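# Residue-level structural notes
Spelled out, the chains give:
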Amino acid sequence: MIRISSQFDSGAIEVLDCSDASNIRLNLPADNAADFRQWFHFRLQGARGQACVLSFDNAGQSAYPGGWDGYRVVASYDRRNWFRLSAGQYDGQRYTFRITPDYDSVYFAYFEPYGWDRHLDLLGAADAAPVASVDDLGATHDGRDLNLITVGRPAPGKRKVWITARQHPGETMAEFYVEGLLERLYDTSDPVSRRLLERACFHVVPNMNPDGSVRGNLRTNARGCNLNRAWREPDMDFSREVALVRERMLATGVDVFLDIHGDETLPFVFIDGNGMVPGFTEAQGAQEKRFCDALLAASPDFQVGEGYAPDRFTDELLTLASKWVFNHFGCLSLTLEMPFKDNAHLPDGLFGWSAARSRRLGAATLQALLAVLDRD
């Protein structure tokens, strides 16, 4: 008998009908307190050797319906090794994909999940690293820990580099990116890391949205707040995570800020800067270009030809993390986006954009940060 379940960390799916393997009908569930739907993560059992056809009947009502064009579902038999299925069919309403499972149990997800246990392991690795420490910023709405990893010792003259990830919990590639960046930064035999820690102290929040991550939300926290629209006036009753992180930023100061995300629709790695923010200067534009040029040199996965339109966030500009930080601190402050699909400029037919590529991009970003800090 076929069974579909999602009662586990970041699990999310609604089952309409799974009585027939050739016509398994599903719905994408909304975030727990907001009408955002796109993330899914579920387990299919009892279909070994059967030609399964699965559909998301409400894909057309998802947060980013354009994200289904050319999209390939991520699957795993052991929850450690994930691969891409063949591209599904999207008719503007339903997204349909196929698999003939090799085993009795197979997991599907929108992108490779970054589970809470792995997050705790990331914090444990920081505690064990001689150059790092872990601080508790406070409790989330569900009572989970919101943690800050500090790498390097604060000292007069050192720059303060802040990095945040997973404001939108479904964008799991962001925490994989942070994992790769931190692993390289901990390596005291790496000359880039050594030089960076001579010049800067890193403050990293690897998961800004623990509650949404565990609940299986796409974009919001336990209260239904899109955290990346709450930076101008965060509220402890609604956007507590932003309030806690912003409070610590104000205490330490910020010289460089990266906010790490994933984009459902655009199949590219790109940066969104601050050219649209009032008061943006030619010198600040040159600084952004230095970072981008250095990241281009460090990683062929990065590109500068594709990205967001300059007026995309006009009405909500200073509610976004990177725009608020730029406006308040006047520093290099960027949003980095990775794809949910693949990098169209450097496609990978087997894995598409993946956790491994996200980790490597995080490690490569240290080279770009060094180029900026060495110059400025």
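In case you missed it, the structure is sitting above this.
This text gives an overview of the structure that appears in the document.

Cut-offs applied
- Residues numbered from 1 in each chain as written.
- Predicted model: local features only at pLDDT ≥ 70, side-chain atom pairs only at ≥ 80, totals over all residues.
- Heavy atoms only, no water.
- Helix = DSSP H or I, 4+ residues; strand = E, 2+ residues; numbered from the N terminus.
- Rg over C-alpha atoms; globule rule 2.2 N^0.38 Å.
- Buried < 20%, exposed > 50% of the residue type's maximum accessible area, 1.4 Å probe, protein only.
- Contact = heavy atoms within 4.5 Å.
- Areas by Shrake-Rupley, 256 points an atom, 1.4 Å probe, with all protein chains shown as cover.
- Pairing = 2+ DSSP bridges.
- Axes fitted to C-alpha atoms, helices over the stretch in contact; angles between N-to-C directions.
- Phe/Tyr/Trp six-rings, centres within 6.5 Å; stacked < 30°, edge-to-face > 60°.
- Core = buried A, V, L, I, M, F, W, Y, C linked by side-chain atoms within 4.5 Å.

### Side note on the overall build of the protein chain
Of regular secondary structure, the protein chain possesses eight helices and 17 strands. Computed over its C-alpha atoms, the radius of gyration of the protein chain comes to 20 Å, within 12% of the 21 Å expected for a compact globule of 376 residues. Projected onto its principal axes, the C-alpha positions of the protein chain cover 65 × 40 × 40 Å. Taking all 376 residues of the protein chain together, 57% fall into the buried category. Expressed as a percentage of contacts within the protein chain between residues at least 6 apart in sequence, the contacts between residues at least 24 apart total 75%. Surface accessibility of the protein chain: about 14900 Å² in total, with carbon and sulfur atoms responsible for 47%.

### Notes on the sheet that holds strand β17 (residues 332-339)
Strand order in this open sheet of seven strands is β11-β12-β14-β13-β15-β17-β16, and the pairing throughout is mixed. What marks the edges here is a single partner per strand, and that holds for β11 (132-139) and β16 (270-272). When the angles between neighbouring strand axes are averaged without regard to direction, this sheet yields 25°. Pairing of β11 with strand β12 (residues 145-151) involves seven bridges; the strand directions are antiparallel. Bridge assignment links V134 to a residue of β12, and that residue is I149.

### Observations regarding the pairing of strand β2 (residues 14-17)
Here β2 runs beside strand β3 (residues 24-27); their pairing, made up of three bridges, is antiparallel. Bridge assignment links D17 to a residue of β3, and that residue is R25. A loop of six residues connects β2 with β3, the two strands running antiparallel in sequence.

### A look at the packing of aromatic side chains
Evaluated as defined, the whole model comprises 25 aromatic pairs. Taking 5.8 Å as the distance between ring centres and 50° as the angle between the ring planes, the aromatic pair formed by F56 and W68 counts as tilted. Placement of the pair is F56 in strand β5 (residues 52-56) and W68 in the loop between β5 and β6 (74-76), with a sequence separation of twelve residues. For the pair F56 and W68, one class covers both residues: buried. Seen from their ring centres, F280 and F326 are 5.7 Å apart, and the 50° between their planes marks the pair as tilted.

### As for helix α7 (residues 321-329)
Three or more residues of α7 are buried, namely A321, S322, K323, W324, V325 and F326. In the core, the buried residues of α7 are packed alongside α5 (240-252), β15 (256-263), β16, α6 (282-298) and β17. Of the residues one or two after α7, G330 is the one with positive phi, at around 65°.

### Some thoughts on the sheet that holds β5
Judged by pairing direction, the sheet is mixed, and its five strands sit side by side in the order β2-β3-β5-β9-β8 without closing on themselves. Sheet topology places β2 and β8 (89-90) at the edges, where each strand pairs with a single neighbour. As judged from the three bridges shared by β3 and β5, these two strands associate in the parallel manner. Note on β5: the bridge partner recorded for L26 is F56.

### With respect to the nonpolar core
Formed by 81 residues in total, the largest nonpolar core has its most connected members in F40, F42, F56, F108, F202 and F291. At nine residues, helix α2 (residues 173-186) tops the list of elements feeding residues into this core. Setting aside chain neighbours within four positions, we find F42 in contact with I4, S5, S6, F8, I13, L26, L54, F56, F97, V106, Y107 and F108. Among the nonpolar cores identified, the runner-up in size contains 20 residues, and W162, C225, W231 and A321 belong to it.

No statement about biological role is implied by the geometric values presented.
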